[in-house]
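Residues per chain, in single letters:
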Amino acid sequence: MNSPAIEERFSLALHNTARAWRQAVDRRLKDVGVGQAGWMAIAHVAKAGVPLSQIELANRLGVEGPSVVSLVDRLVKAGLVERAPSETDRRVKHVLLTESGQALYGQVRRAADGFRRELLGGLERERLQAATELLEELQARVEASL
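Residues numbered from 1 in each chain as written. Predicted model: local features only at pLDDT ≥ 70, side-chain atom pairs only at ≥ 80, totals over all residues. Heavy atoms only, no water.

Undergrad: Just checking my understanding: could you explain the pattern of salt bridges for this structure?
TA: Side-chain pairs of opposite charge can arise where the charged atoms are in close proximity. Per the counting criterion, the structure on display carries six salt bridges. Residues Asp89 and Arg91 are paired through a salt bridge, measuring 2.8 Å at the closest nitrogen-oxygen approach. Residue classification places Arg91 among the exposed residues on the basis of a relative accessible area of 71%. Between Arg109 and Asp113 there is a salt bridge, with its nearest N and O atoms 3.7 Å apart. With Arg109 and Asp113 both in helix α5 (residues 99-120), this residue pair falls four residues apart, about one helical turn. (Salt bridge = Lys/Arg side-chain N within 4 Å of Asp/Glu carboxyl O. Buried < 20%, exposed > 50% of the residue type's maximum accessible area, 1.4 Å probe, protein only. Helix = DSSP H or I, 4+ residues; strand = E, 2+ residues; numbered from the N terminus.)

Undergrad: Can you help me understand the side chain of Ser53 in this one?
TA: Checked against the element boundaries, Ser53 lands in strand β1 (residues 52-53). By relative accessible area, which is 7% here, Ser53 ends up buried. Each residue touching Ser53, except ones within four places of it in the same chain, is listed here: Val92, Lys93 and His94. (Contact = heavy atoms within 4.5 Å.)

Undergrad: Whenever I open this one, the packing of aromatic side chains confuses me. Can you help?
TA: Each aromatic ring pair is characterised by the separation of its centres together with the angle its planes make. If you walk through the whole model with that rule in mind, you get one aromatic pair. Residues Trp21 and Phe115 carry aromatic rings whose centres are separated by 5.0 Å and whose planes lie at 75 degrees to one another, so their mutual orientation is edge-to-face. One end of the pair, Trp21, is in helix α1 (residues 6-28); the other, Phe115, is in helix α5, and 94 residues separate them in sequence. (Phe/Tyr/Trp six-rings, centres within 6.5 Å; stacked < 30°, edge-to-face > 60°.)

The structure is reproduced here in structure tokens:
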């Protein structure tokens, strides 16, 4: 029996590692009261530096617009985000963190930082740097092909 080609092994390892990583972080965040989609949305809004429209948030999360609308609805109901009208286009709604959302982001960030330190701490910095650069290049190639 032939062993899989390195390209197939790589794509499988990439997919499985990303899934396992998200599941492990999600388990650590089970007590914050927001699922993976919610804390990922909150993290994107917090790290954006500028208000994100709902469609910009959908693009960053890799989901369709209607999916992010229902997600934002749930986060608004939970008091974690609010919608604010755009000053330049009244059709556009920006998603902003509330004080509760900012506090939750602090919890999420501390848990995620601890998980990263735990998992990556024992790796050689050069290998981690090379893997990061490879993944960033691969991401750019994938995005360019869309």
